[in-house]
Amino acid sequence: MRPLLLIAPALLATPALAQEAGKIKYFGDWVVGCDNRWDCTAIGLAPEAAPAPAYLKITREAGAESGPDVSVAILDDAGEGGTIELSLTGGEALPVMELDAEPGEGSIVSAALGPVDHVAFIDALLPAQTLDVSLGETSVPVSLAGISAALRYMDAMQERAGTSGALVARGDRPADTIPPTPPAVTVDAMTLSEVSEPGERPEGLPESDEYCPETAGDYVLEAEDGTRLWGVCSSAGAYNISYDFSIVREGEVTPADFGPQGQGMSPDGDQRSTLVNPMLAEDGRTFEAFARGRGIGDCGSYTRFAFTADGPALVEQSVMGECRGVSPDDWPVLYRAELSSE
């Protein structure tokens with residue numbers, strides 16, 4: 001299951017980045033996404049018929065001085081971590097053959113490559129067919145079909161192609177021609193609190209869908225100035241409950257606008273006021289929506305918003321369109337902003 005491409009707003013300096021930042025791209029068994037600050041994530045997946053989930057992640061921040069970071073993840077049924085063993089099929093020996101993985105909170109355990117030459121490790125992957133990842137009795141072949149195209153795309157997105165620092169498309173173009181990281185977008189967030197007993201719905205709010213469960217009551221958040229973000233259940237499934245949100249300010253009701261990230265996974269304009277599985281963060285400065293592609297939550301769309309004087313503002317978005325065991329913490333990030341310190 002692959003969601004539609006999602007384009008996050010960004011102030012971009014070059015045509016290539018302006019057209020592609022905020023999109024998910026697929027190259028064979030590889031998924032790539034770059035955010036509005038041109039940081040990129042590429043993930044190599046195990047085949048759908050693999051005995052267990054495992055994947056390889058390569059991230060790189062924008063700017064001439066940034067190098068790649070490599071990590072490997074695999075199912076850890078025992079929850080004990082251990083030594084992850086690595087080998088190549090169809091290639092030469094890897095510079096690193098073992099990684100130590102600490103037990104994680106979920107069923108997937110990951111290990112970073114650490115203080116070694118990550119570029120040399122990537123070079124060894126490029127001509128191979130699979131990276132075989134093993135933990136205990138579990139062994140999974142991570143596909144390398146598409147890695148060259150995926151990393152070439154990453155080089156192009158960060159405008160490294162033709163420089164000595166490119167991952168694939170290396171050349172002698174000066175490194176000082178690589179653009180720096182764009183400045184961060186800053187959001188002035190209001191503090192929100194959940195309203196457990198919001199009272200009667202103001203006139204103008206929609207009715208709950210008849211198929212929504214009784215437990216899916218209105219989800220209401222209140223800002224410091226008394227403005228309310230009022231969510232009404234609009235649909236429900238096995239693991240997703242959607243809420244249609246309105247802004248209630250001084251008795252006036254207007255539809256909330258979450259932009260193309262409305263509904264979590266769809267850029268359809270009719271769903272700009274809808275979020276899936278909304279939840280307020282502990283500090284009250286942001287709220288999230290997690291549209292699951294399936295019950296275990298290894299695919300779908302994660303978005304995080306702040307509430308400002310002008311309405312909702314996107315703070316973070318990440319997407320994974322392939323349901324193959326990738327932890328949400330590792331999904332490609334397509335947009336990110338910072339909250340003001342005030």
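Conventions and cut-offs
- Residues numbered from 1 in each chain as written.
- Predicted model: local features only at pLDDT ≥ 70, side-chain atom pairs only at ≥ 80, totals over all residues.
- Heavy atoms only, no water.
- Helix = DSSP H or I, 4+ residues; strand = E, 2+ residues; numbered from the N terminus.
- Rg over C-alpha atoms; globule rule 2.2 N^0.38 Å.
- Buried < 20%, exposed > 50% of the residue type's maximum accessible area, 1.4 Å probe, protein only.
- Contact = heavy atoms within 4.5 Å.
- Areas by Shrake-Rupley, 256 points an atom, 1.4 Å probe, with all protein chains shown as cover.
- Lys, Arg positive; Asp, Glu negative; His and termini not counted.
- Charge placed at Lys NZ, Arg CZ, Asp CG, Glu CD.
- Phe/Tyr/Trp six-rings, centres within 6.5 Å; stacked < 30°, edge-to-face > 60°.
- 1 Å grid on protein atoms, 1.4 Å probe; cavity = no way out; pocket = protein on both sides within 12 Å on 5 of 7 lines; lining within 4 Å.
- Points joined across faces, edges and corners; volume = space filled by probe spheres on them.
- Nonpolar A, V, L, I, M, F, W, Y, C, P; charged D, E, K, R; others polar.
- Disulfide = S-S within 2.5 Å.
- pLDDT = per-residue confidence, 0-100.
- Pairing = 2+ DSSP bridges.
- Axes fitted to C-alpha atoms, helices over the stretch in contact; angles between N-to-C directions.
- Polar contact = N/O pair within 3.5 Å; in protein donor to acceptor, adjacent residues only side chain to side chain.

1. Let's talk about the overall build of the protein chain
Thought 1: Helix and strand counts for the protein chain come out as three helices and 23 strands.
Thought 2: The globule rule puts the C-alpha radius of gyration for 342 residues at 20 Å, and the 22 Å found for the protein chain is close to it.
Thought 3: Over its C-alpha atoms, taken along the principal directions, the protein chain stretches across nearly 70 × 50 × 30 Å.
Thought 4: When burial is assessed residue by residue, the protein chain has 52% of its 342 residues classed as buried.
Thought 5: Nonlocal contacts in the protein chain, meaning residues at least 24 apart in sequence, comprise 56% of its contacts between residues at least 6 apart.
Thought 6: Only carbon and sulfur atoms are counted for the fraction: they give 47% of the accessible area of the protein chain, which is about 15700 Å².
Thought 7: If the 20 positive side-chain charges of the protein chain are averaged to one point and the 55 negative ones to another, these points end up 7 Å apart.

2. Description of the packing of aromatic side chains
The description of two aromatic rings rests on the distance between their centres and on the angle between their planes.
Thought 1: A complete count under the given rule lists eight aromatic pairs for this structure.
Thought 2: Aromatic pair Phe287 and Phe305: ring centres 5.9 Å apart, planes at 25 degrees, arrangement stacked. Note that Phe287 is positioned in strand 19 (residues 287-292) and Phe305 in strand 20 (residues 300-308), a separation of 18 residues in sequence. Accessibility assignment for this pair places Phe287 and Phe305 in one class, buried.
Thought 3: Judged by centre distance (5.8 Å) and plane angle (65 degrees), the ring pair of Phe290 and Trp331 falls under edge-to-face. Within this pair, whereas Phe290 is found in strand 19, its partner Trp331 is found in the loop between strand 21 (311-320) and strand 22 (333-336), the two being separated by 41 residues in sequence.
Thought 4: Judged by relative accessible area, Phe290 falls into the buried class, the value being 15%.
Thought 5: Each member of the aromatic cluster is reached from another via a ring pair, and the members are Tyr219, Tyr243, Phe245, Phe258, Phe287 and Phe305.

3. Considering the layout of surface pockets
Thought 1: There is about 470 Å³ of room inside the largest pocket.
Thought 2: Together, 21 residues line the largest pocket, and Gly106, Ser107, Ile108, Ser327 and Asp329 are the ones closest to its centre.
Thought 3: Ranked by residues supplied to the lining of the largest pocket, first place goes to strand 8 (residues 108-112) with three residues.
Thought 4: Split by residue class, the lining of the largest pocket holds nine nonpolar, seven polar and five charged.
Thought 5: Forming the boundary of the second largest pocket are 18 residues, of which Thr41, Thr59, Asp329, Trp331 and Val333 lie nearest the centre.
Thought 6: Of all the secondary-structure elements, those providing two or more residues to the lining of the second largest pocket are strand 3 (40-45), strand 4 (54-60), strand 21 and strand 22.

4. Observations concerning the state of the cysteines
Thought 1: Evaluated as defined, the whole model comprises three disulfides.
Thought 2: In this model Cys34 forms its disulfide with Cys40; the gap between the sulfur atoms is 2.0 Å. Here the disulfide of Cys34 and Cys40 is right-handed, its torsion about the S-S bond being about 110 degrees.
Thought 3: The disulfide that involves Cys212 links it to Cys233, with 2.0 Å between the sulfurs. Across the S-S bond linking Cys212 and Cys233, the dihedral sits near -85 degrees, which makes this disulfide left-handed. Pair noted here: Cys212 is in the loop between strand 12 (192-194) and strand 13 (219-223) and Cys233 is in strand 14 (residues 228-236), with a separation of 21 residues, a long-range link.
Thought 4: When its relative accessible area of 14% is taken as the criterion, Cys212 is described as buried.

5. Some words on the confidence of the model for the protein chain
A low pLDDT score tells you not to read the predicted coordinates there in detail.
Thought 1: In this model, the protein chain carries a mean pLDDT of 91, and residues with pLDDT of at least 70 account for 92%.
Thought 2: Every residue in residues 1-13 is under pLDDT 50, and counting partners more than four places away or in other chains gives 51 contacts.
Thought 3: A low-confidence stretch, residues 264-269 stays under pLDDT 50, and its non-local contacts, those more than four residues away or across chains, total 17 contacts.

6. Here we look at the sheet that holds strand 6 (residues 82-89)
Thought 1: In spatial order, the strands read 7-6-9-10; together these four strands make up an open sheet with antiparallel pairing. A strand with exactly one partner marks an edge of an open sheet, and here the two such strands are strand 7 (98-101) and strand 10 (138-143). The average undirected angle you get between the axes of adjacent strands in this sheet is 25 degrees.
Thought 2: Of the pairings in the sheet, the one linking strand 6 to strand 7 comprises four bridges and is antiparallel in character. If you follow Gly82 over to strand 7, its bridge partner there is Ala101.

7. A short note on unusual backbone geometry
Thought 1: Phi angles above zero are rare outside glycine, and Glu250 is one such case at about 50 degrees.
Thought 2: Tracing the backbone through its elements, the reader meets Glu250 in the loop between strand 15 (241-249) and strand 16 (252-255).
Thought 3: Within the chain, Asn277 stands out as a residue other than glycine whose phi angle is a positive 50 degrees.
Thought 4: Structurally, Asn277 can be placed in the loop between strand 17 (274-276) and strand 18 (279-280).
Thought 5: Under the relative-accessibility criterion, Asn277 is labelled partly exposed at 22%.

8. Topic: the side chain of Asp35
Thought 1: Relative to the elements of secondary structure, Asp35 occurs in the loop between strand 2 (30-34) and strand 3.
Thought 2: Take Asp35: its relative accessible area is 2%, and that puts it in the buried class.
Thought 3: Separated by 2.5 Å, the side chains of Asp35 and Arg336 make a polar contact.
Thought 4: Sequence-distant contacts of Asp35, defined by excluding residues within four places in its chain, comprise Ala21, Val333, Leu334, Tyr335 and Arg336.

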